[in-house]
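Listed below are the residues making up each chain.
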Amino acid sequence: MLRLLTLELQKLWLNRASKVLIIMSFILPFTVLILSSIKINFFGFFTLELGELGIFNFPIIWHITTFFAAQFKFFFAIVVVSMISNEYSNKTLKQNLIDGLSKKEFILSKFYTILFFSFAATVLIGIATFLIGLYYSSYTEASIIFRETEFLLAYFVKLTGFFSLCLFLAMLLKRSAFALGFLFLLFISEGIIYGLMRWQISAEVADSIHNFMPLQSMWNLIEQPIQRIVMTKFPEKTDIAYDYAVHWYEVFIVLGWTAIFIFLSYRLLKKRDL
Amino acid sequence: MEPILTINNLTKKFGHLTAVKDLSFTINKGNVYGILGPNGSGKSTTLGIVLNVVNRTNGNFHWFDGNTTTHDALKQVGAIIERPNFYPYMTAEQNLKLVCKIKGVDFSKIEEKLEVVGLLDRKGHKFKTYSLGMKQRLAIASALLNDPEILILDEPTNGLDPQGIHQIRQIIKDIASEGTTILLASHLLDEVEKVCSHVVVLRKGEKLYSGRVDEMINSHGFFELKAEKHQDLLHVLENNSDFGKIKIEGELITAFLNEPMSAPEFNKLMFEKGIILSHLVKRKESLEEQFLQLTDNLNEVAAQN
């Protein structure tokens, strides 16, 4: 496993474009986190201090940071897509196989890289959230701090699932631009299909099917926290209450998709003449 | 003899096109083999199948004694197919390190093999800055990293300048002289003739011949002759059953032998008949002529059918 991982990390790290994208995908979420945690003075008119809003309180901070950090996953998605398309365009995939890497090992080396990156991103966001939380949070009892850390698990699963989808699309289409375009297409078509079902069948059926679609199931893992922030400000408005928790079945749906994407990628490579 | 690669009734179809048709041959240790055929005759497809990058339609193949999986066997094989494929943004050394990791070879081999192909002083340069000749030599170094039992080369001199071709051929000969089995696919006849001891001739995916290069067709060679008594010479040749086909191009007579005969024997015979030759050369068909003869025969058979 380590051999396959170091193999892939060498390919990525020595490529300047990938290196820049990886660094960006790690640094950008933190910059945003840090910027949002400092006081911003708008030309003396008013000061905006997000910390005062209570968003850095435990346990809601776990929800908020993982949600916003997940929006930066697109940078690493580009890395994932290009790490496959480059192997095709340089024909190094063929050479790797001739040199004695099996097709299974090839896919595994890519998947281990995805796991490694998702894990590293989760650990980093976990530590950063913990520190920012300790600094701002009004509650610092251990029982409150570690409540809702399942958002970290959800974050890890969400990243792994999303990158596995990117891996599959890149294996399928061989070109970065096509794979990213198809990803966007998938995003739109999920919405359209949902809309059609809601219009033609019923809202309940549409919702339940929609929750099984790849991108939507990843979205469901970490629901948007804005509404929750509003809820904490206006606890009397019960009509805006919603289910934001991480459910085990949501995790399993995404894990199922991950397994399907990786298996299909392998099948595709096995069937293909290079 | 110890077999390295055995291919049995291998067939590959790409849709309606049959790229390789019922192909069988064996490669034994210590020989230099050529796969010879025009472009599109199925050479690269055959190599692709045994190297596990192309899926076969029918038939089978096995490496060594048949008890090693293809995946493990490939770690004892060195191969270059078509163009040299490396990561353009990595240096030669970094590229070879990656290959070492795949093959499970110690990094110390890198310098040794770069020395063999004469690229040691350029090891820190990026692959994309290399000329085609250097890229091809790096590919050979990469294929040699694991001290392979067999080295497979697909069109290794394609697109190179004469100097590059010479360098590559010299490297191949050096490697062969150390006892490494070599399988060289080429459409260049003189390349196969210069380098190989055995040859498999392919045409449209079918095997026409497999065996030693010098036994490719039953031929005792031919004489190229000139004499002042042109007509007498022709008369003698036509009445001698040792000679088959006779070709005349101006002054030059080419007489093909049906039975073995040496040049001194022939000269003596002519002298006894009172014919004095002004030109006598005994030759064997070049591989090119043999190859054309093989493919022509097949065309004639096809035409008759």
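Residues numbered from 1 in each chain as written. Chains lettered and ligands numbered in written order. Predicted model: local features only at pLDDT ≥ 70, side-chain atom pairs only at ≥ 80, totals over all residues.

Quick look at the overall build of chain B
What counts, and what does not: In DSSP terms, a helix is any run of H or I states spanning at least four residues, a strand is any run of E spanning at least two, and both are numbered starting from the N terminus. Here a residue counts as buried when 20 or more other C-beta atoms fall within 10 Å of its C-beta, as exposed when 12 or fewer do, and as partly exposed in between; the C-beta atoms come from the backbone. C-beta atoms are first placed from the backbone for all residues, and any pair lying within 7 Å is then listed as a contact.
Counting its regular elements, chain B contains 10 helices and 13 strands. Over its C-alpha atoms, taken along the principal directions, chain B stretches across nearly 75 × 45 × 35 Å. When burial is assessed residue by residue, chain B has 35% of its 305 residues classed as buried. A fraction of 69% describes how many contacts in chain B between residues 6 or more apart in sequence connect residues 24 or more apart.

Overview of the overall build of chain A
Quick note on the threshold: For the radius of gyration, the atoms used are the C-alpha atoms, and the globule rule reads 2.2 Å times the number of residues raised to 0.38.
For chain A, the helix and strand inventory stands at 13 helices and 2 strands. A compact globule built from 274 residues would reach a C-alpha radius of gyration of about 19 Å, and chain A, at 21 Å, matches this within 12%. In terms of principal-axis extent, the alpha carbons of chain A reach across some 65 × 50 × 40 Å. Taken across its 274 residues, chain A has 38% of its residues classed as buried.

Side note on the domain arrangement of chain B
Using the following cut-off: What fixes the domain bounds is an automatic or database domain assignment.
By the assigned domains, chain B splits into domain 1 (3-215) and domain 2 (222-283). Here the C-alpha centre of domain 2 of chain B lies 44 Å away from the C-alpha centre of domain 1 of chain B.

Some points on the pairing of strand S3 (residues 32-36) of chain B
All names here are of chain B. To be explicit about the condition: Strands are labelled as partners when DSSP assigns at least two bridges between them.
With 5 of its 5 residues buried, S3 lies for the most part within the structure. Burial of the side chains of S3 extends over both faces: Val32, Gly34 and Leu36 are buried on one face and Tyr33 and Ile35 on the other. Taken together, the 5 bridges between S3 and strand S7 (residues 181-186) define a ladder with parallel strand orientation. The residue bridging tyrosine 33 from the neighbouring strand is leucine 183, located in S7. Relative to strand S8 (residues 198-203), S3 runs parallel, the two sharing 4 bridges. In the strand pairing of S8, leucine 36 is matched with valine 201.

Thoughts on helix H4 (residues 73-89) of chain A
One turn of an α-helix holds 3.6 residues; hence residues three or four places apart share an orientation. Test applied: By definition here, a helix of n residues has an expected span of 1.5 Å times n minus one.
The end-to-end C-alpha distance of H4 of chain A is 24 Å, a good match for the 24 Å that 17 residues give at a rise of 1.5 Å each. Listing the buried residues of H4 of chain A in full gives Lys73, Phe76, Ala77, Val79, Val80, Val81, Ser82, Met83, Ile84, Ser85, Asn86 and Glu87 of chain A.

Quick word on the pairing of strand S9 (residues 206-212) of chain B
Residue and element names in this part refer to chain B. Across 6 bridges, S8 lies against S9 in antiparallel orientation. Paired with valine 199 across the strands is glycine 211, a residue of S9. Taking the residues between adjacent antiparallel strands as the criterion, S8 and S9 are bridged by 2 residues, where lysine 204 takes a positive phi near 50 degrees.

Observations regarding the interface of chain B and chain A
Using the following cut-off: Residues are sorted three ways: Asp, Glu, Lys and Arg are charged, Ala, Val, Leu, Ile, Met, Phe, Trp, Tyr, Cys and Pro are nonpolar, and all the rest, Gly among them, are polar.
Taken together, the contact pairs 22 residues of chain B with 22 residues of chain A. When its residues are assigned to classes, the side of chain B that touches chain A shows 14 nonpolar, 5 polar and 3 charged.

Describing unusual backbone geometry
All names here are of chain A. Of note, the bond from phenylalanine 58 into proline 59 is cis; its omega dihedral lies within 30 degrees of zero at -5 degrees. Note that proline 59 resides in the loop between strand S2 (46-48) and helix H3 (60-70). Phi at lysine 91 is positive, roughly 60 degrees, even though this residue is not glycine. Looking at the element boundaries, lysine 91 is found in the loop between H4 and helix H5 (92-98). Exposure remark for lysine 91: the 16 C-beta atoms within 10 Å place this residue in the partly exposed category.

Remarks on H3 of chain A
Burial of H3 of chain A is extensive: 10 of the 11 residues sit out of reach of the surface. Burial in H3 of chain A covers these residues: Ile60, Ile61, Trp62, His63, Ile64, Thr65, Thr66, Phe67, Ala69 and Ala70 of chain A.

Side note on the nonpolar core
Spelled out, the test is: To count as a nonpolar core, a set of buried Ala, Val, Leu, Ile, Met, Phe, Trp, Tyr and Cys residues must be joined through C-beta atoms within 7 Å.
Val80, Phe163, Cys166, Leu167 and Ala170 of chain A together with Ile182 and Leu184 of chain B are the most contacted members of the largest nonpolar core, which totals 127 residues. When residues in this core are grouped by element, the largest group, 15 residues, is from helix H8 (residues 150-173) of chain A. With sequence-adjacent residues up to four places away left out, isoleucine 182 of chain B is seen in contact with Val32, Tyr33, Leu151, Leu153, Ile172, Ile175 and Ala176 of chain B. Among the nonpolar cores identified, the runner-up in size contains 8 residues, and Phe223, Leu225, Leu233 and Ile253 of chain B belong to it.

Focus: the sheet that holds S3 of chain B
The strands that make up a sheet are held in pairs by hydrogen bonds between backbone atoms, and each pair lies either parallel or antiparallel. Residues and elements named next belong to chain B. Heads up, the condition is: To define axes, lines are fitted to C-alpha atoms, for helices over the stretch in contact only, and angles between the resulting N-to-C directions are given on a 0 to 180 degree scale.
The strand order across the open sheet formed by 6 strands is S5-S6-S7-S3-S8-S9, and the pairing between neighbours is mixed. Single-partner strands in this sheet number two, and they are strand S5 (77-80) and S9. Strand-to-strand twist in this sheet, taken as the mean axis angle between neighbours without regard to direction, amounts to 10 degrees. Those strands touched by helix H1 (residues 43-50) are S3, strand S6 (150-154), S7 and S8, and its axis lies near 145 degrees from that of S6. Sheet contacts for helix H6 (residues 162-177): S3, S6 and S7; angle to S7, the most-contacted strand, approximately 150 degrees.

Let's talk about the packing of helix H9 (residues 176-200) of chain A against helix H10 (residues 203-210) of chain A
All names here are of chain A. Which entries qualify depends on this criterion: Should an angle fall under 35 degrees it is called roughly parallel, over 145 degrees roughly antiparallel, and 65 to 115 degrees roughly perpendicular, with every other angle called oblique. If you view the pair so one helix is near and one far, a crossing is left-handed when the near helix is turned anticlockwise from the far one by less than a right angle, and right-handed when it is turned clockwise.
Closest axis-to-axis distance for the H9/H10 pair is 7 Å, and the angle between their directions is 155 degrees. In terms of their interaxial angle, H9 and H10 are classed as roughly antiparallel. When the axes of H9 and H10 are compared, the crossing they make is right-handed. On H10, the residues touching Tyr194, Met197 and Arg198 of H9 are Ala203, Val205, Ala206, Ile209 and His210. Residue classes in the contact of H9 with H10 are distributed as 6 nonpolar, 1 polar and 1 charged.

Some remarks on the environment of glutamate 105 of chain A
For glutamate 105 of chain A, the location among the structural elements is in helix H6 (residues 103-136). Each C-alpha atom, one on glutamate 105 of chain A and one on tyrosine 266 of chain A, is 9.6 Å from the other, the two residues being 161 residues apart in sequence.

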